[in-house]
Structure formats: structure tokens, C-alpha cells
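An overview of the molecular structure
These are the residues of each chain, in order.
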Amino acid sequence: MEPIIVHEGNTAVLPRVNVDTDQIIPKQFLKRVERTGFGQFLFFDWRFLADGTPDPSFELNKPEAEEASVLLADHNFGCGSSREHAPWALQDYGFRVIIAPSFADIFYNNCFKNGILTIRLPEKQVYELMDNGKEEYYKLKVDLEHQTIQDSKGFEAGFEIDPYWKEMLLKGWDEISLTLQYADHIDAYEKQRGI
Amino acid sequence: MQPKTIIEKIWDTHAVMSEKGKPNLMFIDLHMVHEVTSPQAFEGLRLAGRKVRRPDLTFATMDHNVPTQNRMSITDSIAKKQMETLANNCEEFGIDIADLNSPNNGIVHIIGPQMGLTQPGKTIVCGDSHTSTHGAFGALAFGIGTSEVEHVLATQTIWQSKPKTMEVRVNGRLNPGATAKDIILSIIAKHGVDFGTGHVLEFTGEAIRGLTMEERMTICNMSIEAGAKAGLISPDQVTIDYLKGREKVPDGEAFEKLAQEWRDTASDEGAVYDAVVEMDSEEIEPMVTWGTNPSQGIGIHKQIPDPANAESDHDRRAIQQSLDYMDLKPGMKMTEVEIQHVFIGSCTNSRISDLRAAAKIAEGRKVADGVRALVVPGSQAVKMQAESEGLDKVFLEAGFEWRESGCSMCLSMNPDFVPEGERCASTSNRNFEGRQGKGARTHLVSPAMAAAAAVAGRFVDIRDLKKPSLQ
């Protein structure tokens, strides 16, 4: 996993509540057996018109969202299916940070496993950032080490993150290798329960 | 001793490591695997030269992609490859699989309980959000992503932060016509589509105790639609009776010992939860969803809400967005809404009791003109049971299609789907945009309500239908 320490990038604003993983990556793209190449299908049914051309009214297709790597989303982002294809698609498209007032649990975990930093901020702050990013190219700087978000106009906010996930992201660790260091604990547990 | 909830009991007995300030390393008793969310996990193992730690605690099936007609000749080459990949991975890593030839084949959340793999007190994971279904047995069961699937395959453990606990108490006794599906749709409609986020729900109360195991599975299945980590019900005699004699459940003395352990797993009297929500059964009537998330449901005779009356700006936007997609107007009643498709199936409602409830309505009636109605049993065993009871004939005579088992039109990864702009009365769990096909409009209902919609061509109150065979 690619570590994330400080990330600076353009924002895309998606002011829709309860965006489910079926929208993030529709089911017709779940049949692939690879982990890569899902970015082209991200938000497919919203992003493209029936003739396959980009829908200009969709938020990610707007000029100010060009090359965005920070997604500003609304409540309960990533609800529904556990499909990890959703963070794979977001990451492959270019997103490294997602900021929202709330996330669905499974999606939130899935993001960390793929080097995407998900940040919960109070609704008021998210909406302030969305207002800033709606009309123009709007960059944010996210510092994971110091847990801060800044823009060039003087916005600054701190955020909370589980220290475990913070370390995993900062170091870009492979979680399985980490767990396998505790293999003797797992052996002992199995023995004690007789399973 | 301090009284404990079932959630705390299972948590405490499964923590391999618990260091302060870190998630706990939890042991997993049962890992269920299917074709869609596992190929990248097995590939990860191969690339790193790792083995599956406990193939004996892992069980695989094919369900999401499986066609419900001509299931042995799959024309979708990508779907076929995904299923073959699972079969090859299971062979390479030594995992039991219920493939399309197996009598145990079916939807992962149907076959776990059916085979007796699902048992009280277990930790159960699967790369599928509806893993919460298994919570009906008093297991701590939740959906995981593919990276976590790989982690569980390699280590039989998972890192988890301790979730909060929430009691969802359903008081009183159900009204006639109201089913388990209506209970869970009512709870989500009342408390919201994300009220369970960060929590494990325990369903309690008189109405829950009175439910069969199959009905309890319907309730726990949709815990995820409230955003919950998991949902469960403390085991009781109903649970024990259901499991007795199943393939993977021991018998004789070993069973009695196990049954006692299961009883001890139940929440203690006086256990304290982080939060409590309540629902009165008298409030629950047959439900239909009108919107694009499972909380957007109403009683059959209620009016579709007006976004102008929404409590917050984001609620207003959510209602408007749903009405636009569903092509419905505020103030309409669901009984005015005509449907073109009916889907009776999915891990929410495809068990034998669901099919019996639908067949009871279908018997002696005909599917309305212009309606296509599919009945898709949850597993091959459910299908065989239904056929032995003659339910297939009841459905076929009424004009329903009788199919092979699988996830089918719940998410339409196989060839079954709803065309753009058309409506479906569906016994599944998600009415998301495009879930049953691009531009398809899904209305979630109970099996009896779905069958009634099939014969009427629109939504009707099952309490208004007189049973012809009883006249």
C-alpha cells in the first residue's frame, strides 16, 4: 500500500446524501477478477449519458472537478454493499482523500485498506468546504501526521483518526504481514479453545 | 457478576489480542466465501506465497452470478470465468465448495443456516454486507471487504474496534397481515437509514421472541440497511429446535452440551446497552418503499411524503432526488402505483416460509396482464422442498415463473433484470437506483405483498384480499 503523509490536491464536490456503493461502482463491473482498472467505471450510471459520453451535469464532470484527488461528500457516504470495488474505483480514478460528515462502516474500513484516507468532519465544516469548491478549482492540503486540513484562504480544521489506522496509512503497511507477526498468539488461542 | 449483552460475551471470547488504544484481533469461527468478492483475495495470497490458515472453517458457494434458467450453460463469459476462478481457488487452497452441482448450492446466507454451519456464539464473516442475516442465531456476523477476506483467509482473524451496542426493542404482538419484513422496514423508516452506524443491534421484545428462525433471519438480514455493523437476536428454544439434526450440527450428548452453551450466550437479564430504540408492533402494517433507500417506506395506505415538509435541508434533497428517480408525486398512495415486475427471492425473503406465504396468495389467482413475476428460491434445497409441497405448481398455474436458486434480481448480476423506467415489487433488501437494472424502480415489500401485487398489477393491502380457497 502506498503511504500517505501529506496530500494536496483539487477537490470534487458531491452534495448527495446516502450515496451507496451500487452508485459508486454498478454491479455490471463486479465480474472482473482483477483489482485494478475500475476507475473508468466509477459512478458509471451517473457519469455517462446513454450514448456513452460524459454527462456534463454530473458533479465529477464539471471543469472545477478536473483531476480531483480529494472528494467532498455528504452524509452516510458508501452505504450498502460491502464491495471493495468501490474504493478500488475511487482510488483508480485518482482519489486519495474523502471528507464527509459520516461514512458507512464497511466502506470506511475498506478505504483504509487501500490507502484512501477517509475523514469525518462536522457537517458545518464539510458544507463550508463544499461551498468553496462548488464554483471553482479549489485545492485542499491534508496533513495526516498533524491531522489538519488547510486551504489557501485561511480555512484550517483538525480531524480525528484511529491511531492504528493512522500508523498503517503513514507507513503504508501490509496488514497481513503485521498480523502474521502475532501468529503464535493465534496458535495459542486456537489451542486454548480446542478448535 | 456484571450482566453482559450477547455482543460483549461473543466479543470477549473471541479476542485473540486486545491492547489498549488498538483494535482487537478477533478470531473468526466461520468464513463464508462467494465468487464476486473473493478472486482478488485469493490472488493476493498467491502473490505473497501464503496459505489459507483454516480451510476447515471456510466454506464457499456460487450465488451472485448464477443464472436462474439453464444454470449449467452459462453464456456470460466473464461471469463464467468468475465462477470457475472460485472453483479453482477452492481446489488449490483446500476449501469445501457448494458448486452448481451440489445439493447444498444456494445463496450464501441461506445455506449457512440450512446446513447448520451458522450457530449461536460464533463469529461469522463473509465478503457480503448481508452477512448480518446469520445474527438471527445469536452469532456475531458481519460483512467485510475483499482485503479483509484475504486477511481472514491468511490469518483466520480480523482487526476490529469494539462496536457500540444498541437494543432494538419491538414491543407487543404483530397485527394480522404484518410480517417480519414489515417489522424491519418499519424500524428503518422510523429511525433512519443510518441509525445503526457504529453499532451492533440486538433485536429484543415480545414481537421478536414470537418469530420463527426464518422470520428472524429476515430482520437481521436488513440490519445493514440501517447502517449497523451487525444485527442479532439472543438464542432461545426456537433457535435450538431449528438447528437440531442439521448436517453440520452434532447430535446426542454433544448436541445437549452445545445447546447449553448456546443458551448461556444469550444476553443476561439487566444487561446495559449503549443505546436503546423502540418500536410498537401496533404501529406496524404492511409496508411498501416509495424511494431509493430502504428507510423511504410507508404503510400501504399512507401517503408519499412531501419534500416541503422535510425536517432538514439534506432530508428535503434526499426525498426530492428519490421522487424524481421513482417518478412519483408527494401525496400519492402506494395503492395507486402500478407495477410491471415482481421478484420473490433474495437472502431476505427466499426461504420456504416466504414461498409458502406467497403461494397462499397466488393459489387460485392469476398474475395480472402485463406483469412478469419471478419466484427464485434461496437454495436448491428450498427449491426441492417447495416442489415436494407442490408450491411450484401453484405458482406456475397462477402465471409466475419458477426458477433455479441464486441472488438473481436482487442485484441483477445474472441475466434477470428490470428494464429501464419499469417498476418491480421486490422482496429483496435494496431499492437503490439501478439496483435491479439501469433506470429500474424497485419497491421493497414482503413476499405476500409481492404476490398480491403480481395478481392485482398494483400494490394492494393483503388484508383486503379474500382467500378464494377459503371462501
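As named in an unreviewed UniProt entry, chain B is 3-isopropylmalate dehydratase large subunit, taken from Sinobaca qinghaiensis. Within the UniProt record for chain B, the comment given under Sequence similarities (unreviewed entry) is "Belongs to the aconitase/IPM isomerase family. LeuC type 1 subfamily." Comment text from UniProt for chain B, heading Subunit (unreviewed entry), reads "Heterodimer of LeuC and LeuD."

In the nomenclature of an unreviewed UniProt entry, chain A corresponds to 3-isopropylmalate dehydratase small subunit from the organism Sinobaca qinghaiensis. Database annotation for chain A, UniProt heading Function (unreviewed entry): "Catalyzes the isomerization between 2-isopropylmalate and 3-isopropylmalate, via the formation of 2-isopropylmaleate." Recorded in UniProt under Sequence similarities (unreviewed entry), the annotation for chain A is "Belongs to the LeuD family. LeuD type 1 subfamily."

1. Digging into the UniProt feature "binding site: [4Fe-4S] cluster" (unreviewed entry) in chain B
All names here are of chain B. The positions that UniProt labels "binding site: [4Fe-4S] cluster" (unreviewed entry) are, in the present scheme, Cys347, Cys407 and Cys410. Across 64 residues of sequence, these annotated residues stay compact in space, with a maximum C-alpha separation of 8.6 Å. Considered against the largest cavity, the annotated residues that line it turn out to be Cys347, Cys407 and Cys410. Turning to its location among the elements, Cys347 is positioned in the loop between β15 (341-344) and α12 (352-362). Among all residues touching Cys347, those that are not within four sequence positions of it are Ile107, His109, Ile110, His130, Thr133, Asn221 and Asn429. Topologically, Cys407 is positioned in the loop between β17 (401-402) and β18 (423-426). When residues no more than four places from it in sequence are discounted, the contact partners of Cys407 are Asp63, His64, Ile107 and Phe343.

2. So, the interface of chain A and chain B
The partner chain B presents 65 residues to the 56 residues of chain A that form the contact. Surface buried jointly by chain A and chain B totals about 4900 Å² across both partners, of which 53% is contributed by carbon and sulfur atoms. Between Asp22 of chain A and Arg435 of chain B there is a salt bridge, with the nearest N and O atoms lying 2.9 Å from each other. Taken together, the links from chain A to chain B amount to 33 residue pairs in polar contact (both at pLDDT 80 or more). Secondary-structure elements contributing two or more residues to the side of chain A that touches chain B are α1 (21-24), α2 (44-47), α3 (85-93), α4 (105-113), α5 (123-135), α6 (163-171), α7 (175-180) and α8 (183-193) of chain A. Sort the elements by how many residues they give to the side of chain A that touches chain B and α8 of chain A lands first, with seven residues. Class assignment for the residues of the side of chain A that touches chain B results in 20 nonpolar, 15 polar and 21 charged.

3. Some words on the packing of α12 of chain B against helix α15 (residues 447-456) of chain B
All names here are of chain B. Contact geometry of α12 with α15 gives a least axis separation of 8 Å together with a crossing angle of 30°. Judged on the interaxial angle alone, α15 and α12 are roughly parallel. Of the two possible hands of crossing, α12 and α15 adopt the one that is right-handed. Judged by residue contacts, Asp354, Ala357, Ala358 and Ile361 of α12 engage Pro447, Ala448, Ala451 and Ala452 from α15. Here the residues of the contact of α12 with α15 are counted per class, giving seven nonpolar, no polar and one charged.

4. Observations concerning the confidence of the model for chain B
Taken over all residues, the pLDDT of chain B has a mean of 96, while the share at 70 or more is 99%. Of the two predicted TM-score estimates for the complex, the pTM is 0.97 and the ipTM is 0.95.

5. Considerations on the nonpolar core
The nonpolar side chains of a soluble globular protein tend to be buried with one another. The biggest cluster of nonpolar side chains holds 121 residues, and the ones touching the most others in it are Phe43, Phe77, Leu90, Ile99 and Leu117 of chain A together with Phe400 of chain B. Per element, the largest residue contribution to this core is seven residues, and it comes from α15 of chain B. Taken domain by domain, this core gets at least three of its residues from each of domain 1 (6-276) and domain 2 (289-456) of chain B. When near neighbours in sequence (up to four residues on either side) are disregarded, Leu90 of chain A contacts Ile24, Leu42, Phe43, Leu71, Phe77, Phe95, Ile98, Phe107 and Ile116 of chain A. Within the second largest apolar cluster, 39 residues are counted, among which are Val168, Ala180, Met213 and Ile284 of chain B.

6. Things to note about the domain arrangement of chain B
Accessible area lost on assembly of the parts is the figure often given for the size of an interface. All names here are of chain B. Each assigned domain of chain B is listed here: domain 1 (6-276) and domain 2 (289-456). Taken together, the 36 residues of domain 1 in the interface contact 40 residues of domain 2. Between domain 1 and domain 2 the total buried area reaches about 3000 Å² when both faces are included, carbon and sulfur atoms providing 58% of it. Arg71 is paired through a salt bridge with Glu404; the nearest N and O atoms lie 4.0 Å apart. In this assembly, domain 1 and domain 2 are joined by 20 residue pairs in polar contact (both at pLDDT 80 or more). Looking at the side of domain 1 that touches domain 2, the elements with two or more residues in it are α4 (108-115), α6 (180-191) and α8 (213-221). Looking at the side of domain 1 that touches domain 2 element by element, the count peaks at five residues for α6. Considered class by class, the residues forming the side of domain 1 that touches domain 2 number 14 nonpolar, 16 polar and six charged.

7. Describing the sheet that holds strand β5 (residues 139-143) of chain A
All names here are of chain A. Spatial ordering of the open sheet is given by β4-β3-β2-β1-β5-β6-β7, a layout of seven strands whose pairing is mixed. Here the strands that pair on one side only, and so sit at the sheet edges, are β4 (117-120) and β7 (156-158). With direction set aside, neighbouring strand axes in the sheet form an average angle of 30°. For β5 and strand β6 (residues 148-150), the ladder comprises three bridges, and the chain directions are antiparallel. Bridged to Lys141 within β6 is Gln150. Packed onto the sheet, α4 meets β3 (97-100) and β4 and runs at close to 140° relative to β4.

The rules behind each value
Every chain is numbered on its own, with residues counted from 1 as its sequence reads. Chain labels run from A onward and ligand labels from 1 onward, assigned in the order the entries are written. In keeping with the model being predicted, local features are shown solely for residues with a pLDDT of at least 70 and side-chain atom pairs are shown and tallied solely at 80 or more, while totals for entire chains, interfaces and linings include all residues. Heavy atoms throughout the structure, all of them, feed into the side-chain values; hydrogens and water do not. UniProt positions are given in the numbering used here, feature names are shortened, and annotations may be inferred rather than shown by experiment. Only protein atoms enter the 1 Å grid used here, on which a cavity is any set of points holding a 1.4 Å probe that cannot leave and a pocket is any open set flanked by protein within 12 Å on both sides along at least five of seven lines; residues with an atom within 4 Å of a point are listed as lining. For helices the rule is a DSSP run of H or I covering at least 4 residues; for strands it is a run of E covering at least 2, with both sets numbered from the N terminus onward. We call two residues in contact when some of their heavy atoms are within 4.5 Å. A 1.4 Å probe defines the accessible area here, and the buried area is the portion of it lost by two parts on being joined, summed over both. The salt bridge criterion pairs a side-chain nitrogen of Lys or Arg with a carboxyl oxygen of Asp or Glu, the two atoms within 4 Å. In the analysis that follows, any N or O atom pair within 3.5 Å is treated as a polar contact, provided that within protein one partner can donate a hydrogen and the other can accept it, and provided that, for residues neighboring in sequence, both atoms belong to side chains. Polarity classes work like this: nonpolar for Ala, Val, Leu, Ile, Met, Phe, Trp, Tyr, Cys and Pro, charged for Asp, Glu, Lys and Arg, and polar for all others, with Gly in that last group. Only C-alpha atoms enter the line fits that serve as axes; for helices the fit covers just the stretch in contact. Angles between N-to-C directions range over 0 to 180 degrees. An angle below 35 degrees is read as roughly parallel, one above 145 as roughly antiparallel, one from 65 to 115 as roughly perpendicular, and any other as oblique. In a left-handed crossing the near helix is turned counterclockwise from the far helix by less than a right angle, and in a right-handed crossing that turn is clockwise. A residue's pLDDT is simply how confident the predictor is in it, with values from 0 to 100. By nonpolar core is meant a set of buried Ala, Val, Leu, Ile, Met, Phe, Trp, Tyr and Cys residues that side-chain atoms within 4.5 Å join together. Classification of residues uses two cut-offs on accessible area relative to the type maximum, computed with a 1.4 Å probe and protein chains only: under 20% is buried, over 50% is exposed, and between them is partly exposed. Where each domain starts and ends comes from a domain assignment, either automatic or drawn from a database. The pairing criterion for strands is at least two bridges between them, as found by DSSP.

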